[in-house]
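Close look at the chain arrangement
Okay, here's what each chain looks like letter by letter:
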Amino acid sequence: MLIKKREGSTAPSRLSETLAAVAGATVDRRAFLKRSGLAAGGAVLAGGLAAGTVRRAEAVPQAPDASTVTKRAICTHCSVGCTVNAEVSNGVWIGQEPAFDSPINLGSHCAKGAAVREHAHGDRRLKYPMKLEGGKYKRISWDQAIDEVGDRLLKIRDTAGPDSVYWLGSAKFSNEQAYLMRKFAALWGTNNVDHQARICHSTTVAGVAQTWGYGAMTNSYNDIHNSKAMFFIGSNAAEAHPVAMLHILKAKEQNHAPLIVCDPRFTRTAAHADEYVRLRPGTDVPLIWGILYHIFENGWDDKEYIRKRVWGMDQVRAEVAKWTPEETERVTGVPGIQVKRVAEMLAKNRPATVVWCMGGTQHTVGNNNVRAYCILQLALGNIGVAGGGTNIFRGHDNVQGATDMGLDVTTLPAYYGLAAGAWKHWARVWGLDYDYLKSRFKSPELMEAPGIPVSRWFDGVNEAKENIAQPEPIKAMIYWGHAPNSQTRQPELKRAMETLDTLVVIDPYPTVSAVLHDRTDGVYLLPAATQFEVDGSRTASNRSIQWSERVIKPMFECKSDHEIMYLFARKFGYAAELFKNIKVEGTEPLVEDILREINRGAWTIAYTGQSPERLKAHMANQQTFDKTTLRAVGGPCDGEYYGLPWPCWGNAAMKHPGTPNLYDTSKPVKDGGLNFRALFPEYKGESLLAVDSWPEGSELPAGHPGVTFGMLKKLGWEADFTPEEMAVISKIGGEKIDEVAWTVDLSGGIQRVAVKHGLAPFGNAKARAVVWNFPDPVPIHREPLYTPRRDLVAQYPTYADKKMMRLPFLYKTIQDKDVSKDFPIILTSGRLVEYEGGGDETRSNPWLAELQPDMFVEVNTFDANNAGLRNGEFAWVFGPEGGKVKVKTRITERVGRGVAFMPFHFGGWYQGKDLRSKYPEGASPIVLGESTNTAQTYGYDAVTAMQETKVTLCRIEKA
Amino acid sequence: MKPLAVLLGLILLGGCNAEERSHVVKLEKGGYTGTADGVLSDATRLTLRQRMAWLTDGPAEVAAGDGPAPTATATVSGRITGQNY
Amino acid sequence: MARMKFLCDAERCIHCSGCVTACKNEHEVPWGINRRRVVTLNDGKPGQRSLSVACMHCSDAPCMAVCPVDCFYQTNDGIVLHNKDLCIGCGYCFYACPFGAPQYPSTGNFGGRGKMDKCTFCAGGPEVDHSKAELEKYGRNRIAEGKLPLCAEMCATKALLAGDGDMVSTIYRERVMARGFGSGAAGWGQAYGKKG
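**Here we look at the overall build of chain C**
- Within chain C, the secondary structure is distributed over seven helices and six strands.
- Across the 196 residues that make up chain C, the buried fraction comes to 65%.

**Comments concerning the overall build of chain B**
- When helices and strands are tallied, chain B shows two helices and one strand.
- Each helix (α) and strand (β) of chain B, taken in turn from the N terminus, gives the series α-β-α.
- Here chain B, with 85 residues, has 26% of them falling under the buried criterion.
- On chain B, roughly 5400 Å² of surface is accessible, and the fraction owed to carbon and sulfur atoms is 63%.

**What to know about the packing of aromatic side chains**
All names here are of chain A.
- According to the stated counting rule, one finds 51 aromatic pairs over all chains in the structure shown.
- Considering the side-chain rings of Trp188 and Phe572, the 4.7 Å spacing of their centres and the 55° angle between planes classify their relative orientation as tilted. Here the residue Trp188 occupies a position in helix α5 (residues 175–188), and Phe572 occupies one in helix α22 (residues 561–572), the gap between them amounting to 384 residues.
- Judged by relative accessible area, which is 0%, Trp188 ranks as buried.
- Judged by its relative accessible area of 9%, Phe572 falls in the buried class.
- Between Tyr683 and Trp772, the ring centres sit 3.7 Å apart and the planes meet at 10°, which makes this aromatic pair stacked. Taken together, the residues span a long stretch of sequence, with Tyr683 in strand β21 (residues 682–683) and Trp772 in the loop between β23 (767–768) and β24 (802–804) at a distance of 89 residues.
- Taken together through their ring pairs, the aromatic side chains of Trp167, Phe173, Phe184, Trp188, Trp480, Phe568, Phe572 and Tyr574 make up a single cluster.
- Taking the ring centre of Tyr128 as reference, the NZ or CZ of Arg139 above it sits at 4.0 Å.
- One Lys or Arg, Arg157, reaches over the ring of Trp188 and ends 5.4 Å from the middle of that ring.

**Examining helix α25 (residues 612–620) of chain A**
All names here are of chain A.
- Among the residues making up α25, those that are buried are Pro612, Arg614, Leu615, His618 and Met619. Buried residues of α25, seen end-on, are gathered within an arc of 165° and therefore sit on one face of the element.
- Buried residues along α25 sit against β2 (68–74), β3 (83–89), β17 (536–539), β18 (545–548) and α24 (591–601).

**Description of the sheet that holds strand β4 (residues 92–97) of chain A**
All names here are of chain A.
- The sheet built from three strands is open, its strands ordered β2-β3-β4 with antiparallel pairing. At either margin of the open sheet sits one strand with a lone partner, and together these are β2 and β4. Direction aside, the axes of adjacent strands within the sheet are offset by 35° on average.
- Bridge count between β3 and β4: five bridges; the pairing is antiparallel. Residue pairing across strands places Val88 opposite Trp93, the latter belonging to β4.

**Structural notes on the packing of helix α9 (residues 284–297) of chain A against helix α15 (residues 366–379) of chain A**
Residues and elements named next belong to chain A.
- Closest axis-to-axis distance for the α9/α15 pair is 9 Å, and the angle between their directions is 15°. Comparing their axes, α15 and α9 come out roughly parallel. The handedness of the crossing between α9 and α15 comes out as left-handed. Along the contact surface, α9 presents Asp284, Val285, Ile288, Trp289, Ile291, Leu292, Ile295 and Phe296, while α15 presents Asn368, Asn369, Ala372, Tyr373, Ile375, Leu376 and Ala379.

**Overview of the side chain of Ser698 of chain A**
- For Ser698 of chain A, the position within the fold is in the loop between β22 (686–687) and α26 (709–714).
- Setting aside its immediate chain neighbours within four residues, Ser698 of chain A contacts His757, Gly758 and Leu759 of chain A.

**Some points on the sheet that holds strand β28 (residues 874–878) of chain A**
Residues and elements named next belong to chain A.
- The six strands are arranged β26-β30-β27-β29-β28-β34 in a closed barrel whose pairing can be described as mixed. Within this sheet the neighbouring strands show an average axis-to-axis angle of 45°, counted without direction.
- Here strand β27 (residues 856–859) runs beside strand β30 (residues 899–903); their pairing, made up of two bridges, is antiparallel. In the strand pairing of β30, Glu858 is matched with Phe901.

**A short note on the confidence of the model for chain B**
Residues and elements named next belong to chain B.
- In this model, chain B carries a mean pLDDT of 64, and residues with pLDDT of at least 70 account for 34%.
- Taking the mean pLDDT of every element in chain B, the minimum, 55, falls on strand β1 (residues 24–26) and the maximum, 89, on helix α2 (residues 42–51).
- Every residue in residues 62–73 is under pLDDT 50, and counting partners more than four places away or in other chains gives 21 contacts.
- Low pLDDT, under 50, characterises residues 78–85; the stretch is placed with 24 contacts to residues that sit more than four places away or in other chains.

**A word on the side chain of Thr211 of chain A**
Residues and elements named next belong to chain A.
- Among the secondary structure elements, Thr211 is positioned in helix α6 (residues 202–212).
- Given a relative accessible area of 4%, Thr211 falls into the buried group.
- Of note is the side chain of Thr211, whose polar atom sits 2.8 Å from the backbone oxygen of Gly207.
- Apart from the residues within four sequence positions on either side, Thr211 is in contact with Arg371, Cys374, Leu378, Ala767, Arg768 and Val771.

**Structural notes on the pattern of salt bridges**
- Under the counting rule described, the total for this entry stands at 84 salt bridges over all chains.
- The partner of Glu239 of chain A in a salt bridge is Arg268 of chain A, with the nearest N and O atoms 3.8 Å apart. One end of the pair, Glu239 of chain A, is in helix α7 (residues 237–240); the other, Arg268 of chain A, is in the loop between β10 (259–262) and β11 (275–277), and 29 residues separate them in sequence.
- Judged by its relative accessible area of 14%, Arg268 of chain A is buried.
- Put simply, Arg140 of chain C and Glu26 of chain C hold a salt bridge, and the shortest N to O gap is 3.4 Å. Of the two residues, Arg140 of chain C is situated in the loop between α4 (132–138) and α5 (150–153) and Glu26 of chain C in helix α1 (residues 18–27); the sequence distance between them amounts to 114 residues. Pair check on accessibility: Arg140 of chain C and Glu26 of chain C agree, each one buried.
- By sharing partners, the salt bridges in this structure join Glu87 and Glu97 of chain A, Arg51 of chain B together with Glu26, Arg140, Arg142, Glu145, Lys147 and Glu153 of chain C into a single network.

**Quick notes on helix α27 (residues 723–733) of chain A**
Residues and elements named next belong to chain A.
- For α27, the full list of buried residues reads Glu725, Ile729, Ile732 and Gly733. Down the axis, α27 shows its buried residues gathered within 90° of arc, on one side only. With respect to the buried face of α27, the exposed residues turned more than 90 degrees away are Pro723, Glu724 and Lys731.
- Where the residues of α27 are buried, they touch α17 (420–430), α26 and α28 (749–756).

**Looking at a nonpolar patch on the surface**
- Where nonpolar side chains cluster on the molecular surface, the patch consists of Tyr92, Phe94 and Tyr95 of chain C and spans about 410 Å² of accessible area.
- For Tyr92 of chain C, a relative accessible area of 43% corresponds to the partly exposed category.

**Side note on the state of the cysteines**
All names here are of chain C.
- This structure, assessed with the given rule, holds zero disulfides over all chains.
- Free cysteine Cys58: the closest other cysteine sulfur is in Cys55, separated by 6.4 Å.
- The exposure class assigned to Cys58 is partly exposed, which follows from its relative accessible area of 21%.
- Counting only cysteine sulfurs, Cys151 is the nearest neighbor of Cys122, a cysteine outside any disulfide, at a range of 6.0 Å.

**Things to note about the nonpolar core**
- Grouped together as the largest cluster of nonpolar side chains are 213 residues, with contacts concentrated most on Trp167, Phe231, Trp289 and Phe393 of chain A.
- Counting 56 residues, the second largest nonpolar core, distinct from the first, contains Phe458, Leu503, Phe878 and Tyr940 of chain A.

**Considering the environment of Glu466 of chain A**
- You can see Glu466 of chain A is positioned in the loop between α20 (459–462) and β14 (476–480).
- Separated by 341 residues in the primary sequence, Glu466 of chain A and Leu807 of chain A have C-alpha atoms spaced 9.8 Å apart.

**Thoughts on the pairing of β30 of chain A**
Residue and element names in this part refer to chain A.
- Taking burial as the measure, the five residues of β30 include five buried ones, the bulk of the element.
- With burial as the criterion, each face of β30 is covered, one bearing Val899, Phe901 and Pro903 and the other bearing Ala900 and Met902.
- The sheet contact formed by strand β26 (residues 825–830) and β30 spans five bridges and is parallel. Bridge pairing links Thr828 to Phe901 in β30.

About the cut-offs
- Residues numbered from 1 in each chain as written.
- Chains lettered and ligands numbered in written order.
- Predicted model: local features only at pLDDT ≥ 70, side-chain atom pairs only at ≥ 80, totals over all residues.
- Heavy atoms only, no water.
- Helix = DSSP H or I, 4+ residues; strand = E, 2+ residues; numbered from the N terminus.
- Buried < 20%, exposed > 50% of the residue type's maximum accessible area, 1.4 Å probe, protein only.
- Areas by Shrake-Rupley, 256 points an atom, 1.4 Å probe, with all protein chains shown as cover.
- Phe/Tyr/Trp six-rings, centres within 6.5 Å; stacked < 30°, edge-to-face > 60°.
- Lys NZ or Arg CZ within 6 Å of the ring centre and 35° of its normal.
- Arc of directions from axis to C-beta.
- Contact = heavy atoms within 4.5 Å.
- Pairing = 2+ DSSP bridges.
- Axes fitted to C-alpha atoms, helices over the stretch in contact; angles between N-to-C directions.
- Parallel < 35°, antiparallel > 145°, perpendicular 65-115°, else oblique.
- Left-handed = near helix turned anticlockwise from the far one by under 90°.
- pLDDT = per-residue confidence, 0-100.
- Polar contact = N/O pair within 3.5 Å; in protein donor to acceptor, adjacent residues only side chain to side chain.
- Salt bridge = Lys/Arg side-chain N within 4 Å of Asp/Glu carboxyl O.
- Patch = residues over 30% accessible without salt bridge, like charges linked within 9 Å, V, L, I, M, F, W, Y side chains within 5 Å.
- Disulfide = S-S within 2.5 Å.
- Core = buried A, V, L, I, M, F, W, Y, C linked by side-chain atoms within 4.5 Å.

What follows is the structure, encoded as structure tokens:
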């Protein structure tokens, strides 16, 4: 039998109880960890809070009790838009429960989503405003920060002009914050305002919008349930959008839909594929044309669909005819037989959905790639049908919304552009005088000229002054929620940071911006609240807008982004103008009021029906929405689509249900149906209007241009307008009332009447397979700037050098120089599931950091052995422009011979040097590592200045 | 002498950490004799069973269609001999 | 009522590690302890498969059989739990476990001698349900709240199933039937000499 010191006792002795009482040891989280014997890496992680830091939620594990409330927020990582159900007790975020009611994630989370409660600890956050002084970060007050930064910026504005301050916003903003920031920059007087979309999906937004109307995901994650085949190119959903796989695998299992994955890497998504196509990086157009070759050759194209709804396909046919199986194989490396098999799969399993991400967009020919994907779908007749579409998975949680809100160098909110008409429209919405807005800019030309893209802001500092098409170079940079390590050419970026007069970082974390440069002063770090600490709406990839409830109050001295905008606007003297229609409580603007202002102005994409009240009702009634159609069945939102996916025509009172699948003519417009947009009703005398195709129930069964008041009058529907609507329209139109279009009518009457009679307000035209206003009207192949296939350069050369967006852009000059001898390996980059973006937040989260502690390069066994590399050891990766990174080697067959891969989430090392000591104390991420972008090189899309991250060259050596 | 031994024993015992008191000092394999755990009520069991509905993503449906039978065995392909990448 | 079981559907597991962080989140499991881990076989090659592994709550648990101090017990629902007050941290269960489930903290006060820690099926330990002692030593007790293990409830692709064994198999069987091809369960290929 067992002899024990004391039988069956687990009760603590009176002695130890007494001791505990004497020591005053209440059980907090750390004590729990110790007591349960789990304190392991605690010491490693403890980097520690300086004594006397501000309030911090000490998250004690505790079971929910009566004081526990559940807050419904949205995950702040990728664009899938998973609902997070947060349990909060007495202001402390104590638990996270699966959000089973969400039609998007059905309770599921990936590693990042399941770890968002780490917020409750926030150990590595930037805790209070700081200022770099003598090479050290020192704590300052908010008042001092706003004052000093404000004075510096105002001085630059006075001496160099408003364009010398760059306002870099964020895809992590809510819609309201993104919109407010764009307006903020407009009042400051510059178009130098951008965000991550530039380096993420800008080529998609431009290319896809120019093809058929809106540059967004056409269907939804859920709609993939209806797909009969799935074609992924340049998307690793299993790591970048893990919860999307829930829907993808459902289609695979239940529809027996073949999953085709085209990627240079055998990714975790490819591991679930029925067909894995390994193509050479940068040969997307040839691959798609190679597939279309078989589709046209065998008559698998949907000729009737093309006749009715597509313009220019004949020109595409001529180009595609060049891409025989032999030529396709020679250029892409994909065996001809496989290309044919894929073509047949797509032809015989309709509808198929096409999914792409940054593997397609981040190229010098990004706009060509995305248009080629669109054309493939148009040829198959797969656009505007459930189960089809181009399901473009966006990156960040609100990159779709921030793009829609015009946080961009080329447009005002809702894609109105920068022409005078656009400014006048927004001036009306803002209740400001157009001349006042004009007076804020250095010149009317600069007011209407696109700004410098974020992908190249540092060239706006480094370039010779005469090469920059604005009065003075950039002198101050505001990094407001953006990781610098996600940008290529880090050595150049570092140099620019060192040249600037002022560098300001506004972020929940110090980010790599705090440490990359060797400055000793002129840097300010301002702690921002995260989206879990504010209310606001965010737009998921499928255009559903979800209201995210505040979970906890901003921790430490963090302030919400909109409050910081208010503080700066007050300092700059335009708070009254900025917040004319928006209530400000204390110093915090009311988020709902900002959304209402958006609703009053964003007619082009119809962000107008999504009032705060409607969005909140959707969140509260998630369980009533169908998990495939996203349509509410019964309940208070009956008949509406989840999150009122834009366009949600007219104003909120009109109760449009939102548009779940774009361009779907099988439904009336009032029920979410649509057709292709009439961006260009004609070209060289030829009509582009749709033929024999219109949305169900249209009372104008024909193609037509965008709706104007005059057009509705001609159709005899003038009597449908209310007197109030007429008053607004007359006021906007004045003498030219007939010209008032659906985009500028602030009453929403034009949209209401058009939709009432079944018309799509934006017209009804054909999709353009030929985008004549782009450098390559029909997408063609162009070899990457840094290519190992010198034999193809003469036949498939890149563009000539040119100037746009205030800067010179080099193409031929770079491609002409052959570096492939010294740099023989193709270098590409991508995502890991554990981290997000530049990774400052996720690498600071111990639950995630533990899973991926090292920056690495994936090298094929063959290349590794040739270079004498050993698995797990350090290697140097050298880029052809002089950058180099020291990373761990991972030898794998995941990448093919001659290709290496690095993830882009790491930062905090620079060319072999660990920068941890430069971070503010206690605020460095747990995991630091080299940024792949230190080795990555020049190359920008010819339309949008998207950076090329997917093809460059490198040399790898043992370290 | 006897009270002294008992006292000594108590002092020694008191020196131990509370949580170490029930340690086995001699092994003779037997059954668990520690604190008994609680037992779930039938109501809780029922709740647990009902909660399992969330682990599916809706009822499984077999779709019609005459497409190629999926193989679920993706193969690596796409490189031809002598290629330069 | 059958026994509580986990099942990981390899056809669905995408190695996103959501289960791993869900576990860490729920129980505040610190650095270095992984009650659950995802493993990938044939990484980077055709036939790549991922599986999420934790304590399998064996019916005839080897850990229980070998424990020198008999700190293990099974609940009426077949959940294998242990008593940290009795555990001496010898690591013998580590030898016996076919899945590498037991974890040993390297430092710490209570764990100074390395008390074993493992997946509790979110059922806490022998202490009174939801008591401070239970929370401190074993983490949250979801089962007593009528909730299933968080790893399974949060699984990104619903690959990881947990709960009553007969229901787990019902859900899984329905899926396999709909798929009409092979099985995603690990070991299928081994058992039937089939690829996959």
